[in-house]
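Report on the structure
For reference, the chains in residue letters:
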Amino acid sequence: MAKHMRGNNYNCIPITPRSRLERLLRERELRKSNKYFEETRDGNKEAEQVYSDSLTESDSFNSLNEEDISEALAVAKVFPDRSQRPEERPRKQRLLVVANRLPVSAVREGEDSFHLEISVGGLVSALLGVKEFETRWIGWAGVNVSDGVGQKALTKALAEMRCIPVFLDEQIVNQYYNGYCNNILWPLFHYLGLPQEDRLATTRSFQSQFDAYKKANQMFADVVNRYYKEGDVVWCHDYHLMFLPKCLKEYNDKMKVGWFLHTPFPSSEIHRTLPSRTELLRSVLAADLVGFHTYDYARHFVSACTRILGLEGTPEGVEDQGKLTRVAAFPIGIDSDRFIRALELPEVQEHMKELKERFAGRKVMLGVDRLDMIKGIPQKILAFEKFLEENPRWRDKVVLLQIAVPTRTNVPDYQKLTSQVHEIVGRINGRFGTLTAVPIHHLDRSLDFYALCALYAVTDVALVTSLRDGMNLVSYEFVACQASKKGVLILSEFAGAAQSLGAGAILVNPWNVTEVAASIGYALDMPADEREKRHLVNFKHVTTHTSQEWAATFVSELNDTIVEAQLRTRQVPPLLPKEVAVDCYSKSNNRLIILGFNATLTEPVDALGRGGQIREMELKLHPNIKKPLKKLSDDPKTTIVVLSGSDRTVLDKNFREYNMWLAAENGMFLRHTSGEWMTTMPENLHMDWVDSVKHVFEYFTERTPRSHFELRETSVVWNYKYADIEFGRLQARDLLQHLWTGPISNASLDVVQGGRSVEVRAIGVSKGAAIDRILGEIVHDKGMKAPIDYVLCIGHFLAKDEDVYKFFEPELPCESSPLARAMPSNSLRSSPLLKFPVSKNGSKAARYKKQRSMSTIEKLEIDHARGDPWIPTYHDRTSLHEGSSVLDLQGDNYFSCAVARKRSSARYLLKTSDDVVNLLSNMADHSSTRST
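Small disclaimer: the values here were computed from a predicted structure and weren't measured.

For the protein chain, the helix and strand inventory stands at 35 helices and 29 strands. A total of 932 residues make up the protein chain; the buried ones form 55% of that total. Taking the contacts inside the protein chain whose residues are at least 6 apart along the sequence as the reference set, 75% of them involve residues at least 24 apart. As displayed, the protein chain has an accessible area near 40600 Å², and 51% of this comes from carbon and sulfur atoms.

Here we come to the packing of aromatic side chains. Enumeration according to the criterion identifies 32 aromatic pairs in this entry. Measuring from centroid to centroid gives 6.4 Å for Phe206 and Phe210, while their planes differ by 15 degrees, and the two rings are stacked. With a gap of four residues between them, Phe206 and Phe210 both fall in helix α8 (residues 199-227), about one helical turn apart. Accessibility expressed as a relative area gives 10% for Phe206, which makes it buried. By relative accessible area, Phe210 is classed as buried at 1%. Their ring planes at 40 degrees and their centres at 5.7 Å tell us that Phe797 and Tyr805 sit as a pair that is tilted. With respect to burial, Phe797 and Tyr805 carry one shared label: buried. Each residue in the set Tyr176, Tyr180, Phe206, Phe210, Tyr213 and Phe243 is aromatic and connected to the rest through ring pairs, giving one cluster. Over the ring of Tyr191 we find Arg468; its NZ or CZ atom is 3.8 Å from the centre of that ring.

In terms of nonpolar packing, the biggest core is built from 72 residues, with Leu154, Trp235, Tyr456, Leu489 and Leu491 touching the most fellow members. Ranked by the residues each element gives to this core, the list is headed by helix α17 (residues 449-458), at seven residues. Sequence-distant contacts of Tyr456, defined by excluding residues within four places in its chain, comprise Phe339, Leu366, Val368, Val474, Glu477, Phe478, Cys481 and Gln482. Phe206, Phe220, Leu285 and Cys305 belong to the second-largest nonpolar core, a separate cluster that totals 63 residues.

Before going further, it helps to examine the sheet that holds strand β26 (residues 757-762). Think of a sheet as strands paired side by side through backbone hydrogen bonds, with each pair either parallel or antiparallel. A sheet is described by the order of its strands in space; here four strands give the open sequence β23-β24-β26-β25, paired in antiparallel fashion. In this open sheet, the two strands that pair with only one neighbour each are β23 (708-711) and β25 (749-753). Neighbour to neighbour, the strand axes of the sheet diverge by 15 degrees on average, direction disregarded. As judged from the four bridges shared by β23 and strand β24 (residues 715-719), these two strands associate in the antiparallel manner. Bridge pairing in β24 places Glu710 opposite Val717. The strands that helix α28 (residues 725-741) touches are β24, β25 and β26; relative to β26, the one it contacts most, it runs at about 25 degrees.

Attention now goes to the pairing of strand β1 (residues 93-101). When you tally the buried positions in β1, you get eight out of nine residues, the bulk of the element. For β1 and strand β6 (residues 233-237), the ladder comprises four bridges, and the chain directions are parallel. Looking at β6, one finds that Val98 is bridged to Cys236.

The two faces of strand β20 (residues 661-664) match: Trp661 and Ala663 on one face and Leu662 and Ala664 on the other face are all buried. Two elements, strand β19 (residues 638-643) and β20, share three bridges in a ladder whose sense is parallel. Across the sheet, Val641 pairs through a bridge with Trp661, a residue of β20. Hairpin connection, β20 to strand β21 (residues 669-672): the antiparallel pair is bridged by four residues, and Glu665 has positive phi, about 50 degrees.

Turning next to the pattern of salt bridges. On inspection of all chains with the given rule, the structure shows 37 salt bridges. One salt bridge in this structure joins Lys249 and Asp288, with 2.9 Å as the shortest N-O distance. Residue Lys249 is located in helix α9 (residues 244-251), and its partner Asp288 is located in the loop between α11 (277-285) and β8 (289-292); the two are separated by 39 residues in the primary sequence. Given the relative accessible area of 14%, Lys249 is considered buried. Among the salt bridges present, the one from Arg282 reaches Asp320, with a minimum N-O distance of 3.2 Å. Taken together, the residues span a long stretch of sequence, with Arg282 in helix α11 and Asp320 in strand β10 (residues 317-320) at a distance of 38 residues. When salt bridges that share partners are traced, they join Glu710, Arg712, Glu759, Arg761, Lys767 and Asp801 into one network.

A few words on the sheet that holds strand β5 (residues 163-165). In spatial order, the strands read β5-β4-β1-β6-β7-β8-β11-β10-β9; together these nine strands make up an open sheet with mixed pairing. In the strand order of this sheet, the two ends are held by β5 and β9 (312-313), each with one partner. Pairing analysis gives four bridges linking β8 to strand β11 (residues 323-329), with the strands arranged parallel. By the bridge assignment, Phe292 is partnered in β11 with Ala329.

Quick notes on the rules
Residues numbered from 1 in each chain as written. Predicted model: local features only at pLDDT ≥ 70, side-chain atom pairs only at ≥ 80, totals over all residues. Heavy atoms only, no water. Helix = DSSP H or I, 4+ residues; strand = E, 2+ residues; numbered from the N terminus. Buried < 20%, exposed > 50% of the residue type's maximum accessible area, 1.4 Å probe, protein only. Contact = heavy atoms within 4.5 Å. Areas by Shrake-Rupley, 256 points an atom, 1.4 Å probe, with all protein chains shown as cover. Phe/Tyr/Trp six-rings, centres within 6.5 Å; stacked < 30°, edge-to-face > 60°. Lys NZ or Arg CZ within 6 Å of the ring centre and 35° of its normal. Core = buried A, V, L, I, M, F, W, Y, C linked by side-chain atoms within 4.5 Å. Pairing = 2+ DSSP bridges. Axes fitted to C-alpha atoms, helices over the stretch in contact; angles between N-to-C directions. Salt bridge = Lys/Arg side-chain N within 4 Å of Asp/Glu carboxyl O.

Right, dumping it as structure tokens:
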């Protein structure tokens, strides 16, 4: 069994492909020149290497007609090139788009017949133009179909449009969609907060709504799993499906999953008010790539993960125990060509002519919004009123056309908003209107595509005053239709589009009515040359950052993220094969088990300090470890060493009842539990730096809430694990600057930085450096006659202390080829460890291995000659025979395991201290009892 184990193989850096940026730029250019698939088919070996695991043979795929969305959905059976035979077609990756709603809505007309209506939206038009992929839509059709006949008929009807239905019953829709999605998540993500009225009732119903939300997400996942094929890309959309990535990864962790949010993501202070905040964040993090419209939203998401989950935020995304979820901004666009071409259509030209005649001699201002709480329609109208008050000369020369599309008309808050808007419009028209004209034309309905394009084209000033908006594509559509008029865009700074169109638009705070009114006057009086410059900037952005480019970029980034994750995974140690480790243990004659303490043998604690900080400072043994540890320590064939950075009192308190060796403060103090502590410190070790470092640590502890420092005999540690993450990092940076320029500027000290800690210790102190001294003392004390033939080393060590893992490794060259990396680790380590040759100029670990084959007396002479200050103060009594017979270790019998650290020098991983307990329990079952 051991012959087929894979270890970490020294974490050699593999040969990596070209950079992500270079690959993505190249793909973008290929897409633009329509040569992407031709180059792939003609033998682009690099693309085949990078994406060979992503591409699958596909069915025939339609060339989507962008002229008309309904026609595009219906055309599903023609080839991209009619002259091309099916067997010659290039392979296309399947894209499964999973959204709450399908791009079509179904209306039941009979027992087995449905009428399908096209749903035109930003996401629909965005993905219809992506020709590189064979796209399938998965979602709810907007109708309750509970009978088998109806479900079969609807599935068949939707299949012709490449859509796959998810069947949700009325109760689920009410609790999941109307309840949790629209009543909880949507207001929170738009900074409206959680429902305030009838708080007790809301609290009681919240859990049932969340349960329905999870159930609905699982139903979506079940449908995806049913249709998924290896190599497919699954793209989940919006806040309705935040649980979906986790469900999919539980089904198949190799599945390529992306998630994109089409609304704002709030700051961490807003998101942390959500009771289910942790579950939702962790579920989204199961995706490989998480996308947002703007960098601000992405930054808020990363901040929420660090502050709420206690994870590490990086420039790439969020890292959790070595698993990186990429987080990036992908601003969506529109199909600008569709709007530009529409202006030439006779229907649009006719509408434009009518509008120009209707509003001849007046400037046209336009607002197009859903009648929604976040669109700022009352603020917009009040700002227009103030403008008319302050500018009497414009009263008969300007008109505001406000299109307010009704939404959620059965919700009381929306009914109240509708009444409020009507009241304001009526008051303004009554105040400034005449018998022949009114300043505001308000429509409570939507316009068809042709009428909307015509309205965009004749508008002089577009007014977007969203109070909070994910992107707002109305501003994009307006710019696309303004090639001749070159109108001005007034845009709210709280809309996502402000990040993209801010250079050419006039940005405003919609809550500042005076500012918006002044901006209206500035826009109406703007000189023609400035209008043209502003328009050209925005027009270039809108026509180059299209919806098709958005979708293609996201999927391309997702594929690339998968490739990089695979490369990263090759450098991550595999999970420990527990059965193999236990089997080798049971067959060996003299075993050495080296265990860390904190986060290895202790009970898991909450990283955010919800009661965990005190438990961690006390460092108590895991309650389930005591029985197996007792049995192992009583086995005459097993020697246990607890090697910790903690001081002697902590180890005494936890391990005095066991028959084992204790190495405190990284091996500086050593004792068997039946004896007294001895020191391995060098005679010339000076500790006069401790007080000055202690004062610095005290200073920063006082000024960093929830931080603490620990004063040991040979080191000082400052821990800010439970402090605010961002503030803690800033304080740590400042602390290091104080140390380097002050108390340790001329001292021979090491500053060891952990994940969220800073430790100052004497130079050269590490767990690996202590192992040799510890082994020598153990051999002398036990009077070993049989060499150690099995070593298990487990710990949650700092990077500097991971040399303890390498101490027992044979000296092997770094494998650079993929073939060498793929070989079982044990095939490279089949010889006894002491017989491996050691290079003259080898590593520090190599020097230890060379020294192990000598007596300690010989080693001391070498240390003197080399000027090595690390000379033990005790008299080593190990004979030459004993020193050379310490180890006779086969590679298959050495197991080094990092606990909860995926970037490690260890061969294997264990996820938590619970896994350590299980492993030691299994070993204890194979142990014999020490005879008395």
